[in-house]
Amino acid sequence: MGEPRKRVATHGVTCFSKMKMFLLALTMAYLAKSISGNYMVSMLTQIERQFNIPTSVVGLINGSFEIGNLLLIIFVSYFGRKLHRPIMIGAGCVVMGVGCFLISLPHFLMGRYEYEKMISPSSNLSSNSFLCSGNRSQTLTPTPDPKDCEKEIKSSMWIYVMVGNLIRGIGETPIMPLGVSYIEDFAKPENSPLYIGILEAGNMVGPFIGLLLASFCANIYVDTGSVNTDDLTITPTDMRWVGAWWVGFLICAGVNVLTSIPFFFLPNTLPKEGLEDNADVTTSDKEEKHQGKAKKEKRGITKDFLPFMKSLFCNQIYVLFVIVSVLQMSSYTITFVFIPKYLEQQYGKSTAEIVFLMGIYNLPTVCIGYLIGGLVMKKFKFTVKKAAYVAFCLSLTEWLLFFFNFMWTCDNFPVAGLTTSYEHERYPLYVENKILANCNTRCNCLTNTWDPVCGDNGIAYLSACLAGCEKSDGMGINMVFQNCSCIQSSGNSSAVLGLCKKGPDCNIKLQYFFIRVVIGSLLFSISAIPGYMVLLRCIKSEEKSLGVGLHAFFTRVFAGIPSPIYFGALIDRTCLHWGTLKCGEPGACRIYDINNFRNIFFGLPAALRGSSFLPAICILILLRKFQLPENTDSSGTEFAEMKLAENQSECMDVHRSPEFENDGELKTRL
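Below is a short write-up of the structure. (Residues numbered from 1 in each chain as written. Predicted model: local features only at pLDDT ≥ 70, side-chain atom pairs only at ≥ 80, totals over all residues. Heavy atoms only, no water.)

What to know about helix α14 (residues 363-380)
End to end, α14 covers 26 Å across 18 residues, agreeing with the expected 26 Å (1.5 Å per residue, within 8%). Immediately beyond the C-terminal end of α14, within one or two residues, lies Lys381, with a positive phi of roughly 50 degrees. (Helix = DSSP H or I, 4+ residues; strand = E, 2+ residues; numbered from the N terminus. Expected span 1.5 Å × (residues − 1).)

Notes on the state of the cysteines
As used here, a disulfide is simply a covalent bond connecting the sulfur atoms of two cysteines. Inspection of every chain in the model, using the stated rule, returns 6 disulfides. Among the cysteines around Cys217, which has no disulfide bond, Cys252 carries the closest sulfur, lying 8.6 Å off. (Disulfide = S-S within 2.5 Å.)

Some points on the pattern of salt bridges
Taken as a whole and assessed by the stated rule, the structure comprises 10 salt bridges. In this structure, the salt-bridge partner of Asp451 is Arg240, at a minimum N-O distance of 3.0 Å. Within this pair, whereas Asp451 is found in the loop between α15 (384-402) and β1 (453-455), its partner Arg240 is found in the loop between α8 (192-218) and α9 (245-259), the two being separated by 211 residues in sequence. Looking at Asp451, the relative accessible area reads 4%, which means it is buried. When salt bridges that share partners are traced, they join Asp238, Arg240 and Asp451 into one network. (Salt bridge = Lys/Arg side-chain N within 4 Å of Asp/Glu carboxyl O. Buried < 20%, exposed > 50% of the residue type's maximum accessible area, 1.4 Å probe, protein only.)

Considerations on a nonpolar patch on the surface
There is a patch of nonpolar side chains on the surface, built from Ile87, Leu258, Ile261, Phe264 and Phe265 and spanning about 540 Å² of accessible area. As for its placement among the helices and strands, Phe265 is situated in the loop between α9 and α10 (283-299). Residue class for Phe265 comes out exposed when judged on its relative accessible area of 69%. (Patch = residues over 30% accessible without salt bridge, like charges linked within 9 Å, V, L, I, M, F, W, Y side chains within 5 Å. Areas by Shrake-Rupley, 256 points an atom, 1.4 Å probe, with all protein chains shown as cover.)

Quick look at the nonpolar core
Counting residues in hydrophobic clusters, the biggest one holds 139 residues, and the most contacted among them are Leu26, Tyr39, Phe51, Ile183, Trp245 and Leu343. Looking at this core, the element that brings in the most residues is helix α12 (residues 316-347), giving 14 residues. If you look at the next biggest cluster of nonpolar residues, it comprises 36 residues, including Phe413, Cys454, Ile459 and Ile487. (Core = buried A, V, L, I, M, F, W, Y, C linked by side-chain atoms within 4.5 Å.)

Let's talk about the packing of aromatic side chains
Centre-to-centre distance and the angle between the planes together describe a pair of aromatic rings. Under the definition given, this model contains 31 aromatic pairs. Positioned above the aromatic ring of Phe413 is the side chain of Lys502, whose terminal nitrogen or guanidinium carbon lies 4.5 Å from the ring centre. (Phe/Tyr/Trp six-rings, centres within 6.5 Å; stacked < 30°, edge-to-face > 60°. Lys NZ or Arg CZ within 6 Å of the ring centre and 35° of its normal.)

Remarks on the side chain of Asn165
Within the secondary structure layout, Asn165 lies in helix α6 (residues 158-172). Asn165 sits in the buried class, given a relative accessible area of 0%. Sequence-distant contacts of Asn165, defined by excluding residues within four places in its chain, comprise Met40, Ile61, Asn62, Ser64, Phe65 and Ile103. (Contact = heavy atoms within 4.5 Å.)

The following block contains the structure:
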């Protein structure tokens, strides 16, 4: 009699270890996918400048990841549950690695990055061909060269980036729905929130690493090793600077492939946590039971798909939760994708510095919030009703704090002819034919070339020529221009390369902005776990994998894909000056009207999130009508059919499979 007990006890330890091993492997997969995902978002500005594309195209590139998810999410979520889930997750990690490698490929197929400039390092500075000279007439007039136009076709290689991001989205498809459903199937109900909190914490550590990697790569010039950086006339704060974005994607490719290895050695099924010490059921009996169940499920793959779909759409709480998620995800996607661009323009910082500050201030707070949310759910054993109220109140508070972002603002960069006059007088923007003034009309300057200089009067000019500068000293970034007729100051009327830096007040306001971000991120992350539990507990056990997949499907179709595209188009409308390609065609935007940019960047997300509280209130009303247990114990109190099952049974007129008609798993457990 001692041998069976010993065998069962050993088996319990093994099962316990396998569940924790799967949780560890899945956490590493979350870590890897979030590293590559956040690195991709952080490098969008660099990709925009590398390929000279508008922000709307950048939104399309970002949305291609969601398109890749969209292609397979429903089928993977439903059919993947019938197949070997760990192996499918491992295969997805490998595909993500392939996508990251494809994203970095254009760097090796294109030539060197040539930024827009009037000053060439190899030019004879004594000729002063880039300065103000009244002796030439049309020598600086751009003439499109067919050869240059052919070279610029290489900028269409951004399609490689889009396709690679799409493949990365395909690879990420099985990780979340299959991983969460695996945990829900084999973990104790009271342990599930904690496990998901651990996953989300890993999902936050990944972005921290990804942002640090992005900050490091953004400070390295894109063609480092193949060009002499001493000849560069731009710095990382310049709107034309492109960092070594391709390096990080090669690193992400390797990390994703490595994290796939453990999944190929994990079993498809595990005994339910808490049932391992049941001496009446031996290891072989459990395995045979799971194998038999899997075979039955495979036979019913197509037969049960439509009934499950209809059951989910008849679930009022589930449908309302999807609507809330679509509106909230649209807001978060817009903010997350374009916040580096906004902070660069608003506070005059480089991409590397902005990304680093985002990682330091935001991500540790979110990680702590996820863990707190999971521990609170486990400690107090919230019912679905309590979880919904907690999530609603915290989310509402965070939304109200969001409006403080309108307070901490800075003015536009003072650029003569764009945001200010040559006499340093502010006037309405978008005024045509104001680039030229009396002080530079004799210079015969190009008016569409962006090679800004900062005068000692605190005003920037589109080029040294437009500043009326006649002499220059120094080389590279240390070049100084003198005798500038448009610069009216008490000094020697000189200028240096680059835009003028914003005042110290902007640095203080940036700190206030990140303090608000810390508080808001903590509230959001604490509310995320209770909110997600509402989703998991409002659907039945056998429909859970498909329900999670459909939820992800709708958030991608209506939020993840379109929101960056239409928001990018709105941002393009605030552009004050577009870069110019050698063909004469417009390139990437160099400077925006920050006031309109700010109103759009904060106003639209605030409106989307505000509208999401209406269906959220409807969810709370529906939950109050249902008789839910106020307390749960570790044995798993059944989530009452709470009249929801009655509504679904009335709605369901499609015959269900016999194996599910009398299955106790029709009742979702809390």
